[in-house]
Amino acid sequence: MPNDRILVVDDEETIREIVCSALSAARFQTRQAANGVEALAILESGDEFDLVLSDLMMAEMDGIALLERAKERYPDMPVVMVTTVLDISVALQAIHNGAYDYLPKPFEREQLLATVRRALEHRRLKRENDAYRTNLEALVAARTQQWKTALSKLEESYDITLEALGDALDLKDAETEHHSRSEEHTSELQSPCNL
């Protein structure tokens, strides 16, 4: 989506400039960091980002270390790893550590934009799903409380109805007045539990 904020992390300034230029042309807001340490400082400064696009091989702190730290502190922020390393085990390790995707260098502008858009859409859908689940849980809790209240009122109504029927029976015949209540007490006394 336009105006999403992306942190571009790469130790090669030229690569950062090219990536930021392509992203800015697609109406994304970008910020640059030269390594993982600088990227973490930017993330911890309070700036919010929708995505981190990070090189894998960098001095001071590599992309995997940045990925692990970023995922600890910002678990819902996708991280896309970018690298010239063509070893599939490196890509699998990055994804295993929580990267959303892996983008091998060199890449085409459209490939970059498609990966970024997919990662941002994935984040948006995950947030919508989390909000839906939270709302659903609240709705279930409210409906459960309504059901408990209705059940309680129904039980109370049942007790009142039984008492009214007993009173009606007592009023019907003067000879049996209070007889229905006496039988209730007698049956309680003769209950097998009371013997």
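Anything mentioned here points back to the structure above.
The paragraphs below set out a description of the structure included in this document. (Residues numbered from 1 in each chain as written. Predicted model: local features only at pLDDT ≥ 70, side-chain atom pairs only at ≥ 80, totals over all residues. Heavy atoms only, no water.)

Before going further, it helps to examine the packing of helix α1 (residues 13-25) against helix α5 (residues 109-172). Closest axis-to-axis distance for the α1/α5 pair is 10 Å, and the angle between their directions is 65°. It follows from the interaxial angle that α1 and α5 lie roughly perpendicular. Seen from above, α1 lies across α5 with right-handed handedness. Residues Val19, Ala22, Leu23 and Ala25 of α1 pack against Arg109, Leu112, Leu113 and Val116 of α5. (Axes fitted to C-alpha atoms, helices over the stretch in contact; angles between N-to-C directions. Helix = DSSP H or I, 4+ residues; strand = E, 2+ residues; numbered from the N terminus. Parallel < 35°, antiparallel > 145°, perpendicular 65-115°, else oblique. Left-handed = near helix turned anticlockwise from the far one by under 90°. Contact = heavy atoms within 4.5 Å.)

To continue, consider the packing of helix α2 (residues 36-44) against helix α3 (residues 63-73). Axis separation between α2 and α3 bottoms out at 10 Å; the angle between their running directions is 15°. The angle between the axes of α2 and α3 places the two elements in the roughly parallel class. The interaxial crossing formed by α2 with α3 has right-handed handedness. Mapping the contact onto sequence places Gly36, Ala39, Leu40, Leu43 and Glu44 in α2 and Leu66, Arg69, Ala70 and Arg73 in α3. Looking at the contact of α2 with α3 residue by residue, the classes come out as 5 nonpolar, 1 polar and 3 charged. (Nonpolar A, V, L, I, M, F, W, Y, C, P; charged D, E, K, R; others polar.)

This part is about the packing of aromatic side chains. Counted by the stated rule, this structure contains 0 aromatic pairs. In this structure, Arg5 packs its charged tip against the face of Phe49, placed 4.7 Å from the ring centre. (Phe/Tyr/Trp six-rings, centres within 6.5 Å; stacked < 30°, edge-to-face > 60°. Lys NZ or Arg CZ within 6 Å of the ring centre and 35° of its normal.)

Everything listed here is a matter of coordinates, which is why it stays silent on function.
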